[in-house]
Amino acid sequence: MSDLKILLNFERNGKSHTLESYKQRSGYKTVEAAFKKYSPADIVEEVKKSGIRGRGGAGFPAGLKWSFLPKDSDKPVYLICNGDEGEPGTFKDRVILEENPHMLIEGIILSSYAINAKHAYIYIRGEYGYALRQTQQAVDEAYKAGYLGEKLPGTGYQCDITVHKGAGAYVVGDETGLMNSIEGKKGQTRNKPPFPAVEGLYGCPTIINNVETLASVPYIVENGGEVYGKIGTEKSTGTKLLSVSGHVRKPGVYEVIMGDSFMDFLKNQCGGILDGKKLKAVIPGGSSTPVLRPEDCEKMTIDYESITAAGSSLGSGAVIVIAEGTCMIKLLEVLAHFYHHESCGQCTPCREGTGWLLKIIKRIEEGGGKMEDIDTLTSITKHIAFHTICPLGDAACGPIDSFVEKFREEFVEHIEKGGCPYNGKFTRLQKRI
Amino acid sequence: MEFTEAELKQLEQLRTRYPDNRSLTLPCMWMIQKREGFISNEACQLIATELDIPRIWVEEVRSWYSMFTEKEEGKYVLEVCNNISCSLLGSQQIIDYLCDKLNIKVGETTDDGMFTIKTAECLGSCGTGPMMQIGDNYYELLDAEKVDAILEDLRNGKEHAQQPQQFPEYK
Ligand SMILES: Cc1cc2nc3c(=O)[nH]c(=O)nc-3n(C[C@H](O)[C@H](O)[C@H](O)COP(=O)(O)O)c2cc1C
Ligand code: SF4
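Overview of the structure. All of these numbers come straight from a predicted model, not from anything done at the bench.

**Examining the site of ligand 1**
Residue and element names in this part refer to chain A.
Moving on, step 1. Around ligand 1 sit 17 residues in total, of which Gly56, Asn82, Asn209, Asn210 and Thr213 are the nearest.
Moving on, step 2. Note that an oxygen atom of ligand 1 is positioned 2.7 Å from one of the backbone N or O atoms of Gly56.
Moving on, step 3. Asn82 places a side-chain nitrogen or oxygen 2.9 Å from an oxygen atom of ligand 1.
Moving on, step 4. The fraction of the free accessible surface of ligand 1 (600 Å²) that becomes covered by protein chains is 91%.
Moving on, step 5. With three residues, the top contributor of residues to the shell around ligand 1 is strand β4 (residues 206–210).
Moving on, step 6. A per-class count over the shell around ligand 1 returns three nonpolar, eight polar and six charged.

Put into structure tokens, the structure is as follows:
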């Protein structure tokens, strides 16, 4: 375990968001050097070599995505930074937006240069008032210092950044929903193809990347893709921000090297489980990723391949820790409610199916469940997953299928007992009231 | 209803940031909601006229996004996150406590028009739950005492200035 910090390379002293603090950490040096040293294609090449995969949840290689842009288009190219951060359990982009926005801005300048975008939008969810203020302030500072606007230092290259405020909707986090939202429409998703790289924002070629992905670009360009590629494992390179929450002694945002042992991380860095309880379950990558039992996590390391092998997914890196004594059905009800609430309603399987799922889970939790309900749940998910426009439908199914598979005995217990063995409540671990 | 001088100036500035007028729909709606507390039909018409788009485009946006409101609510809307991580740490107790204390149910407004209680889906504050959003600020790591102090402050017109997240260390 090394303590290399790329994204969290600052002291959390309330000043790290300023230009002054960022420059003390050698900020914006890369931009000035890069324009002299690299052509746009060189930067795409470095990002490809780094092997960095998108940090927004899908894990698609960033350099490869950039290379999908059409070479012969005469339309403007747009870059969008996805700061919608709506996946339950995730709060890591918030730390960058609030406390290290200049690193993101430098990453956006470099990435825009690489893909020949003149205008980039940072879309931040409307609830993140503080992140919006901090990021806007940093953008203003960057304009004043001449890093943004016409003629960047040393070149005739132009880069503008506009911060766009969302208004509350999980599905807007999907790249096509986000583009509709910037265009001033409802944030419903679009069918693909056409893919955004070909026909995106305002019908123009568009690249969308997550905050964490873009904030990693200055390090990659400064040190070279190869150096970044050597951090972590062969297929999961670099560092990853994890948002750790739930029944854990030290919740927070951690930067870890890909490939670190998960259980060591939980025990040593996060201080283990609250109140010295036993671990009951882990949701390793945000609410949409399948739940794991402790034994699945024993040998798991923090990287895409290992978590997939364990039966789940790294997703957005949101680790939700669940201690013994927690009702898994009640927990699933919370998640089912979320997906039903956030379904945008375009596809019948998602709109109706998420409602049925919620109804059945609620019924089981409240004591009216029947044995056949358990199989009805997994038969409904079969009809939702992969039958919808956007992956929200699939995301709603991941928790259901995995909870049934891993904690079937708890469904049975609820149904046999005719009610919740935990009294329909979450056990209070920390005394708050 | 009109846009103020300052708002119109801000709009001019914003027009240079987007190639299409319609993109100003959300920024305009935020402007109005900040000033009025909600977005009336009249306001939708004002925005539509200003941007030269059909009013229905504005109205559908208002009803689609969860943060825009159509009707006047309490001066302070208390939105308590009740998603996964917060509920594991007792957000339901915070909601019950608030309802008890203010003597209203979720979705209702106090008689003096000061407070509305709502529940919210994940607000990205999972390491510092239970928490609630009031206006543009987050109030995190809530317990009964903190809730009492926040309500008292708001009654006296005192809103807090948000700071970076302070992650707790539990025993
Ligand atoms: C329902 C839904 C919600 C999403 N929410 C987010 C989000 O909040 N932030 C994010 O970066 N990506 C989110 N994504 C993934 C984006 O569509 C997209 O893959 C990502 O922003 C690409 O950036 P990356 O390759 O750098 O990860 C979401 C996808 C779906 C289907
Ligand atoms: S899957 Fe659900 S959220 Fe996605 S487009 Fe269809 S109805 Fe909307």
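**So, the interface of chain B and chain A**
Moving on, step 1. With 54 residues of chain B in contact, the opposing surface of chain A contributes 72 residues.
Moving on, step 2. Both faces considered, chain B and chain A share a buried interface measuring about 5200 Å² in area, 57% of it formed by carbon and sulfur atoms.
Moving on, step 3. Across the contact surface, chain B and chain A share three salt bridges.
Moving on, step 4. In this structure, Asp136(B) and Arg133(A) form a salt bridge, with 3.9 Å as the shortest nitrogen-oxygen distance.
Moving on, step 5. In this assembly, chain B and chain A are joined by 27 residue pairs in polar contact (both at pLDDT 80 or more).

**Examining the site of ligand 2**
Moving on, step 1. In the vicinity of ligand 2 lie 13 residues, with Thr189(A), Cys344(A), Cys347(A), Cys350(A) and Cys390(A) positioned nearest.
Moving on, step 2. Its atoms largely coinciding with the cavity grid, ligand 2 occupies the largest cavity.

**Some remarks on empty space enclosed by the protein**
Residue and element names in this part refer to chain A.
Moving on, step 1. Tallying each qualifying case throughout the model produces two cavities of 30 Å³ or more.
Moving on, step 2. Taken as a whole, the largest cavity holds about 80 Å³ of empty space.
Moving on, step 3. Lining the largest cavity are 14 residues, and of these Cys344, Cys347, Cys350, Cys390 and Leu392 lie nearest its centre.
Moving on, step 4. A class-by-class count of the residues in the lining of the largest cavity yields seven nonpolar, six polar and one charged.
Moving on, step 5. The computed volume of the second largest cavity comes to approximately 40 Å³.
Moving on, step 6. Forming the walls of the second largest cavity are Leu332, Leu335, Ala336, Tyr339, His340, Thr354, Leu357, Ala396 and Ile400.

**Quick notes on the packing of helix α15 (residues 328–342) of chain A against helix α16 (residues 348–366) of chain A**
Residue and element names in this part refer to chain A.
Moving on, step 1. Direction vectors running N to C along α15 and α16 enclose 155°, while the axes themselves pass 9 Å from each other. It follows that α15 is roughly antiparallel to α16 by the angle criterion. Crossing geometry of α15 relative to α16 is assigned as left-handed. Between α15, through Ile329, Lys330, Leu332, Glu333, Ala336, His337, Tyr339 and His340, and α16, the contact on the second element is made entirely by Arg351, Thr354, Gly355, Leu358, Ile361, Lys362, Ile364 and Glu365.
Moving on, step 2. Across the contact of α15 with α16, the residue classes break down as seven nonpolar, four polar and five charged.

**Re the pairing of strand β3 (residues 160–165) of chain A**
Residues and elements named next belong to chain A.
Moving on, step 1. For β3, the tally of buried residues reaches five of six residues, placing the bulk of the element in the interior.
Moving on, step 2. The sheet contact formed by strand β2 (residues 117–124) and β3 spans six bridges and is parallel. When the sheet's bridge partners are listed, Tyr123 is paired in β3 with His164.

**Comments concerning the pattern of salt bridges**
Moving on, step 1. Under the criterion given, the structure shown has 33 salt bridges over all chains.
Moving on, step 2. A salt bridge links Glu50(B) to Arg15(B); the nearest nitrogen and oxygen atoms lie 2.6 Å apart. Taken together, the positions of Glu50(B) in helix α3 (residues 41–51) and Arg15(B) in helix α1 (residues 5–15) put the pair 35 residues apart, joining distant regions of the chain.
Moving on, step 3. On the accessibility criterion, Glu50(B) (26% relative accessible area) is partly exposed.
Moving on, step 4. Classification of Arg15(B) as partly exposed rests on a relative accessible area of 24%.
Moving on, step 5. With a shortest N-O distance of 3.9 Å, Arg62(B) and Glu70(B) are connected by a salt bridge.
Moving on, step 6. We classify Arg62(B) as buried; its relative accessible area is 5%.
Moving on, step 7. Each of the salt bridges in this network shares a partner with another, and the network as a whole consists of Arg55(A), Lys92(A), Asp93(A), Glu212(A) and Lys240(A).

**As for unusual backbone geometry**
Moving on, step 1. The step from Lys192(A) to Pro193(A) runs through a cis peptide bond, and the omega angle for that step is -5°.
Moving on, step 2. Structurally, Pro193(A) can be placed in the loop between α8 (175–182) and β4.
Moving on, step 3. Residues Gly129(B) and Pro130(B) are joined by a peptide bond in cis, for which omega reads -5°.
Moving on, step 4. Relative to the assigned elements, Pro130(B) resides in the loop between β2 (115–120) and β3 (132–134).
Moving on, step 5. Even without glycine at this site, Asp275(A) takes up a positive phi of about 55°.
Moving on, step 6. With a phi close to 60°, Asp52(B) is a non-glycine residue in the positive phi region.
Moving on, step 7. Note that Asp52(B) resides in the loop between α3 and α4 (55–64).

What counts and what doesn't
- Residues numbered from 1 in each chain as written.
- Chains lettered and ligands numbered in written order.
- Predicted model: local features only at pLDDT ≥ 70, side-chain atom pairs only at ≥ 80, totals over all residues.
- Heavy atoms only, no water.
- Near = heavy atom within 4 Å.
- Polar contact = N/O pair within 3.5 Å; in protein donor to acceptor, adjacent residues only side chain to side chain.
- Areas by Shrake-Rupley, 256 points an atom, 1.4 Å probe, with all protein chains shown as cover.
- Helix = DSSP H or I, 4+ residues; strand = E, 2+ residues; numbered from the N terminus.
- Nonpolar A, V, L, I, M, F, W, Y, C, P; charged D, E, K, R; others polar.
- Contact = heavy atoms within 4.5 Å.
- Buried area = accessible area lost by both parts, 1.4 Å probe.
- Salt bridge = Lys/Arg side-chain N within 4 Å of Asp/Glu carboxyl O.
- 1 Å grid on protein atoms, 1.4 Å probe; cavity = no way out; pocket = protein on both sides within 12 Å on 5 of 7 lines; lining within 4 Å.
- Sits in = over half its atoms within 2 Å of the grid points.
- Points joined across faces, edges and corners; volume = space filled by probe spheres on them.
- Axes fitted to C-alpha atoms, helices over the stretch in contact; angles between N-to-C directions.
- Parallel < 35°, antiparallel > 145°, perpendicular 65-115°, else oblique.
- Left-handed = near helix turned anticlockwise from the far one by under 90°.
- Buried < 20%, exposed > 50% of the residue type's maximum accessible area, 1.4 Å probe, protein only.
- Pairing = 2+ DSSP bridges.

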